[in-house]
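Descriptive structure summary
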Amino acid sequence: MEKKLYRSRTDRMLFGVCGGLAEYFNVDPTLVRLVMVLFWMTGGGFLAYLIAAIIIPEA
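Conventions used here
Residues numbered from 1 in each chain as written. Predicted model: local features only at pLDDT ≥ 70, side-chain atom pairs only at ≥ 80, totals over all residues. Heavy atoms only, no water. Patch = residues over 30% accessible without salt bridge, like charges linked within 9 Å, V, L, I, M, F, W, Y side chains within 5 Å. Areas by Shrake-Rupley, 256 points an atom, 1.4 Å probe, with all protein chains shown as cover. Salt bridge = Lys/Arg side-chain N within 4 Å of Asp/Glu carboxyl O. Helix = DSSP H or I, 4+ residues; strand = E, 2+ residues; numbered from the N terminus. Buried < 20%, exposed > 50% of the residue type's maximum accessible area, 1.4 Å probe, protein only. Phe/Tyr/Trp six-rings, centres within 6.5 Å; stacked < 30°, edge-to-face > 60°. Lys NZ or Arg CZ within 6 Å of the ring centre and 35° of its normal. Core = buried A, V, L, I, M, F, W, Y, C linked by side-chain atoms within 4.5 Å. Contact = heavy atoms within 4.5 Å.

1. Overview of a nonpolar patch on the surface
A cluster of nonpolar residues, Met13, Leu14, Phe15, Phe39, Trp40, Phe46 and Leu50, forms a patch on the protein surface that exposes about 720 Å² of accessible area. Mapped onto the nonpolar patch, the elements with two or more residues apiece are helix H2 (29–41) and helix H3 (45–55). Residue placement: Phe15 occurs in the segment before helix H1 (17–25). Residue Phe15 is classed as partly exposed on the basis of its relative accessible area, which comes to 36%.

In structure tokens, the structure reads:
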């Protein structure tokens, strides 16, 4: 069975990107959010998050 990446409808804070990534990689959404916050602090995360929110379809 092929896995597909979708934004989460149930586990979302802003657009569901972190929740969707957590479901895809089968990890805790809090861990994905912490990694995303660290990525945002380095300067590249905000743009990457917005692009992901636009490109990844909603479940």
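2. Side note on the packing of aromatic side chains
Taken as a whole and assessed by the stated rule, the structure comprises four aromatic pairs. Where Phe15 meets Tyr49, the ring centres are 6.2 Å apart and the plane angle is 45°; that geometry is what we call tilted. Residue Phe15 is located in the segment before H1, and its partner Tyr49 is located in helix H3; the two are separated by 34 residues in the primary sequence. Measuring from centroid to centroid gives 5.0 Å for Tyr24 and Phe25, while their planes differ by 85°, and the two rings are edge-to-face. Of the residues examined, Tyr24 reaches a relative accessible area of 28% and is grouped as partly exposed. A connected cluster of aromatic rings, assembled from ring pairs, spans Phe15, Trp40, Phe46 and Tyr49. When the ring centre of Tyr24 is taken as reference, the NZ or CZ atom of Lys3 above it lies at 4.8 Å.

3. Describing the nonpolar core
Residues Val17, Cys18, Ala22, Val32, Met36, Tyr49, Ala52, Ala53 and Ile56 constitute the largest nonpolar core, which totals nine residues. The set of elements that each furnish at least two residues to this core consists of H1, H2 and H3. Beyond its immediate stretch of four places on either side in the chain, Ala22 contacts Val27, Asp28, Pro29 and Val32.

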